[in-house]
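Fold and contact review
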Amino acid sequence: MSYKQSHYVSKPVDQAGFAQYTEEENATWQILFERQRKIVEHRACDEFIQGIDILNMPGDRIPQCPEISDALQKATGWALEPVAALIPFEHFFHLLANRRFPAATFIRVREELDYLQEPDIFHEVFGHCPLLTNPAYAEFTHLYGKLGLKANKEDRALLARLYWFTIEFGLIRQKGVPRIYGGGILSSKGETIYSLEDPGVIRKPFDPLEVLRTPYRIDIMQPIYFMIDSFDTLFDLTNTDLIGLVHKARELGEFDPLFDPNGE
């Protein structure tokens, strides 16, 4: 998604799509990758772990976009698109609608190792790309892009909630227990543990209409997560009148937020 401001600047890529990263930046990736790979081992869904292997993701350096694209193309026809640190929503939807996932070619500094607001290369590649090897997840993401392109500004605001509670912060039930598939969780040390183990968290069965009526904040640990039963749930949404559900959600009104809406 796009953000209002950033102090990060994406690195330029050459004609082949490769960026030049420093030793420090590659070392930061290695720290993040090794730490998060251990944390998600028994918390991420099976398809995510399989996706890391399919992508053959390096642990000792930042992957280059063409490397990830080659593996994604073979799996589901997707590719990574190097982008600036911030992109407009229109560009974001256009990329997804054309099966291209945006990846800002910068990595967080050590002082922001545990959290940063804007999506960096670690969030996009480690958090999202493994599941883009899954056909149902990939098709839902593609549909979301197409819907976003056609939607008006008001509808996009509610569609953002659908993306937030699925692609970014979704849970899935596997082998009778909650597991994680949302990239916003899987790229976060703190939220990976919090989302599954904090006793105060609300975990609800996924209902698209309820999701569309649920407000969220981007700068806090989520107070509520929605859990699908399988990735078929996302695929089934591709045959649903989602814009019709958006309009129904607006008619019914949004739920009271489970957080301070003033950001305090």
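Read on for a plain summary of the structure. What you are looking at is a predicted structure, and each value in this text was computed from that prediction instead of being measured.

So, on to the overall build of the protein chain. The helix and strand inventory of the protein chain stands at 12 helices and 6 strands. Relative to the compact-globule value of 18 Å for 264 residues, the protein chain shows a C-alpha radius of gyration of 17 Å, a close match. Expressed as lengths along the three principal axes of its C-alpha atoms, the size of the protein chain is roughly 50 × 40 × 40 Å. Residues counted as buried form 56% of the 264 residues belonging to the protein chain. Restricting the contact set of the protein chain to residue pairs at least 6 apart, pairs at least 24 apart contribute 68%.

Before going further, it helps to examine the sheet that holds strand E6 (residues 224-228). Taken together, 4 strands build an open sheet; the order of strands is E4-E3-E6-E5 and the sheet is mixed. Each of the sheet's edge strands pairs with one partner strand only, and the pair in question is strand E4 (177-180) and strand E5 (202-205). Direction aside, the axes of adjacent strands within the sheet are offset by 40° on average. Across 2 bridges, strand E3 (residues 171-174) lies against E6 in parallel orientation. Bridging from a neighbouring strand, Ile172 pairs with Ile228 of E6. Relative to the sheet, helix H9 (residues 189-197) contacts E3, E4, E5 and E6, its axis offset from that of E4 by approximately 160°.

Here we take up the layout of surface pockets. Empty space among the atoms becomes apparent when a probe as large as a water molecule is rolled across them. Reported here for the second largest pocket is a volume of approximately 350 Å³. Forming the walls of the second largest pocket are 22 residues, and the residues nearest its centre are Tyr115, Leu116, Phe169, Gly184 and Ile218.

The rules we used
Residues numbered from 1 in each chain as written. Predicted model: local features only at pLDDT ≥ 70, side-chain atom pairs only at ≥ 80, totals over all residues. Heavy atoms only, no water. Helix = DSSP H or I, 4+ residues; strand = E, 2+ residues; numbered from the N terminus. Rg over C-alpha atoms; globule rule 2.2 N^0.38 Å. Buried < 20%, exposed > 50% of the residue type's maximum accessible area, 1.4 Å probe, protein only. Contact = heavy atoms within 4.5 Å. Pairing = 2+ DSSP bridges. Axes fitted to C-alpha atoms, helices over the stretch in contact; angles between N-to-C directions. 1 Å grid on protein atoms, 1.4 Å probe; cavity = no way out; pocket = protein on both sides within 12 Å on 5 of 7 lines; lining within 4 Å. Points joined across faces, edges and corners; volume = space filled by probe spheres on them.

Read these as layout, nothing more, since geometry by itself doesn't imply function.
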